[in-house]
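# Close look at the chain arrangement
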Amino acid sequence: MGRAEERRARQRGGRRAAPQRSSGTPAAGIAPEGGGRAAARRAARPAKGKGGIRRLFTWKKILGSFLGVCLLGMGAFIVLYLVVDVPEGNPDAQLQSNVYKFSDGSVLARTGEVNREMVDLSKVPKAVQHCFVAAENKTFYSDNGVDLKGTARGLLNTLSGKGAQGGSTITQQYVKNFYLNQDQTVTRKLKELVISLKVDQRMSKDDILAGYINTSYYGRGAYGIQAAAQAYYRVDAKDLSVQQGAYLAALMQAPSQYDWAVASDTGKRLAQQRWNYVLDNMVKQDWLNVGKRQTMKFPVPKEPRPAPGRDGQKGYLIALANQQLEQQLMKDQDLTQAQAERAVEGQGWNITLNIDKKKQTALEEAVKAQLTSKLDAKQRPVDKTVQAGAVSVDPKTGHVVALYGGQDYLKHYFSNATRRDYQPASTFKPVILAAALEDDSRTQDGRPIRANTVYDGTSGRQVVDNGTKVGFGPPNEDDQNYGNITVQKAMNQSVNSVFAQMGVDVGMDNVMKVAGKLGMDTKGMQAVPAQTLGSMGASPLEMAGIYATLDNHGRKVTPTIVKSAEQKDRTVKMADPIGEQVISREAADTVTSVLTGVVDDGTAKRSVQDNPQRNGQQVAGKTGTSDKNKSAWFTGYTPGLVTSVGLFGEDLAKNGQHVPLYGALGEPRVNGGGPPARIWAEYTFGVMGDVTKFDLDTKQGAAVEPSTSPTVTESPSETPSETPTTTAPTVSESPSDTPSETPSQTPSQTPSQTPSDPSSSREPTDGLSDNPLLPNGNDQ
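What this report covers is the structure whose coordinates are included nearby. (Residues numbered from 1 in each chain as written. Predicted model: local features only at pLDDT ≥ 70, side-chain atom pairs only at ≥ 80, totals over all residues. Heavy atoms only, no water.)

### Describing the pattern of salt bridges
Note the following rule: Every case where a carboxyl oxygen of Asp or Glu lies within 4 Å of a side-chain nitrogen of Lys or Arg is listed as a salt bridge. Secondary structure elements follow DSSP: runs of H or I no shorter than four residues count as helices, runs of E no shorter than two count as strands, and numbering proceeds from the N terminus. Type-normalised accessible area, obtained with a 1.4 Å probe on protein chains alone, sets the label of each residue: buried when under 20%, exposed when over 50%, and partly exposed for intermediate values.
A full pass over the atoms with the stated rule returns 21 salt bridges. Arginine 310 is paired through a salt bridge with glutamate 345; the nearest N and O atoms lie 3.2 Å apart. Taken together, the residues span a long stretch of sequence, with arginine 310 in the loop between helix H15 (290–294) and helix H16 (314–333) and glutamate 345 in the loop between helix H17 (337–344) and strand E5 (349–353) at a distance of 35 residues. Summarising the burial analysis for this pair, arginine 310 and glutamate 345 share the class buried. In this structure, the salt-bridge partner of aspartate 445 is arginine 447, at a minimum N-O distance of 3.1 Å. You can call aspartate 445 partly exposed: its relative accessible area is 41%. Shared partners join several salt bridges into a network, and the residues in it are Asp143, Asp200 and Lys205.

### Structural notes on the pairing of strand E7 (residues 400–404)
Put simply, the rule reads: Any two strands with at least two DSSP bridges between them are considered paired.
The buried fraction of E7 amounts to five of the five residues, a majority that puts the element mostly inside the structure. Across four bridges, the pairing between strand E6 (residues 386–393) and E7 is antiparallel. Looking at E7, one finds that valine 391 is bridged to leucine 403. Counting the residues between successive antiparallel strands, the hairpin from E6 to E7 contains six residues, one of them, glycine 398, with a positive phi of roughly 80°.

### So, unusual backbone geometry
Of note in the backbone geometry, arginine 220 takes a positive phi value of approximately 55° without being a glycine. Positionally, arginine 220 belongs in the loop between helix H10 (205–215) and strand E4 (222–223). Residue arginine 220 is classed as buried on the basis of its relative accessible area, which comes to 15%. A positive phi angle, near 60°, is found at lysine 628, a position not held by glycine. Relative to the helices and strands, lysine 628 is located in the loop between strand E16 (620–625) and strand E17 (631–638). Judged by relative accessible area, which is 35%, lysine 628 ranks as partly exposed.

### As for the pairing of E5
Counted residue by residue, E5 has four buried out of five residues, so it is predominantly covered. Relative to E5, strand E1 (residues 98–101) runs parallel, the two sharing three bridges. Bridged to lysine 101 within E5 is threonine 352. One ladder, built from five bridges, connects E5 with strand E13 (residues 562–567); its direction is antiparallel. Note on E13: the bridge partner recorded for isoleucine 351 is alanine 565.

### Digging into the packing of helix H18 (residues 357–370) against helix H26 (residues 675–687)
Convention followed: The angle between two axes is taken between their N-to-C directions and runs from 0 to 180 degrees, where each axis is a line fitted to C-alpha atoms and a helix contributes only its stretch in contact. A crossing counts as left-handed when the near helix is turned anticlockwise from the far one by less than a right angle, and as right-handed when that turn is clockwise. Should any heavy atoms of two residues lie within 4.5 Å, those residues are considered in contact. Polarity classes work like this: nonpolar for Ala, Val, Leu, Ile, Met, Phe, Trp, Tyr, Cys and Pro, charged for Asp, Glu, Lys and Arg, and polar for all others, with Gly in that last group.
Contact pair H18 / H26: the axes reach a minimum separation of 8 Å and the direction vectors enclose 145°. For the element pair H18 and H26, the recorded crossing hand is right-handed. Here Lys359, Ala362, Leu363, Ala366, Val367, Ala369 and Gln370 of H18 come into contact with H26, specifically with Arg678, Ile679, Glu682, Tyr683 and Val687. Of the residues that constitute the contact of H18 with H26, the class distribution is eight nonpolar, one polar and three charged.

Next comes the structure, spelled out in structure tokens:
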């Protein structure tokens, strides 16, 4: 082979041909008589596998394929643009009454009157207009009506099932509100894109902005800026200040979560952050003077005036039903909170509740008989601060069968049944015991924690962890010392010192973990010894769910008020209230067995055990009285019904400030074993039906026949056979029910261990609220 041929062979990818021998004898492996050329050709052929792939995926073919896909996409979009026209928009005609029914099908309420009044943009101050642009779409006046990146991201998220995200322009949100719906589908998003482009071409920016602020939902049943201005500040839209406008603009992200009247501490913090964000953006856009901005203070909204037709308990029942339906829609359709609220309010839903009409009436009458009829605000001013909340749940189905949210929804907008800003106090003690039993925990000296385990019940006894004092030792109620006392007796008398030490013995991380499993929202809670006092926040609804899980032998119960929800030709399937086994049956049943002692020989004895209506009914339950007597609880259950009753001290004249209940109803101190337990007994014994007994899988507790074993020390008169461990006090109850606010005996206690209110025991989150069901984003 000549040099030229070798060079050509190399260029064709072949191997360099071996040089021929000078003698003319073919080299080994080289075919004679022209074999060199054939070998060169064979060598020039690329290997089958790799070379074939290279030929298939050349950069030219990849580029061509990409351009082809782009052309197809452009062609499809052009067709879509030509086919999809701007539809007739008429949101008033689309809004319909929601009908709410009792479990038997009879009508509870019909909410049909829509709170909306359209106003011309000229009647809205220019600075207030800028608030909405600064909050939602700073490029509104210069963009073409769509955010292509945000829309593409939304489409990808929808296709991949990642859920809704923000990114829509004001034009897109207006199109969604006025022409389309809140469904998270590819079809709807593509239509939104096309219609937004056309609307931006056909309408002025002022007309689009007017449509947006007049069709948006602001919470409190208010559609449009005029209704919102009246609902939150009692003024017309034309009289809104910049500060007020910024708050209304901030509401667009999460109306109910940012509503100052019902927002949690985290919700209020986030609302203020959003308000600051709006005003700061206005400064950046040169719409607001820096000096004026620095002098602005947050404009706290007025108390809400609920819509007519929701008087009495109706409004509370409707509010919880709407909330749970919204949560289900958020889960099913990847809606944001704002989208879900808009999809429910006035959208023609037929909602059947799990509320039993007879039980609902009985609960209302029990509260009246044992509480409200006895309040005399003229004689005792403290009586006007008393608020009651209660929730009753069927533990076998998880159905909320009765609910009491307050004296009247039109007078007290905030539902006492679902509020989470008061301490559950000693009603948390059963959770500590459940954690000990579930984890097979042991005392500091290695003894297993059981109903008959003996602890030191000395008031103010410092809690010890591995021989070291942890700086926590709250006193027992009335500073009473109990000496060596069994866990059963400590639960009966709600002895703080025992359960404070038990919490450390179990490990507070484990305690809070079990609390979460049972149904408590523990997000942001600190796992510190002070939580053994029940110093976190919890609602009657939440506590009813926790105790229902215990009643249901450890299988999770998530109370639900919605039985079914239908809209036109679709039905929303609600999640099953009964979940998986979250703690063992033995642990749950042992706690139930122990809690029967609280009723038979403890802080609830007078109101429940000795109640003439009881008729032999077996009952388990726990009393609770919080720090400074600001709340008092009784959460109790029979095998077929769980009810949590809470009383709360709230001064409405001081913006809902928490206040003590001392002296209310003419009683020196309102304990959990007092009015709450009496309400519980009046209601439960009136609706319970046949007398039933607990079916318990346990050998421990007051509901079990005493063992003959000498190691059991259930009776206080029995000499304890076990060496007590050190303990520290927690919240106490009825005669021994109320903890002191901050133990004076423990100056070494760290502030983080003694939260004085529910919010201080929670770390704020960066989400819209501490509700895990509420997603981030402003895609309304």
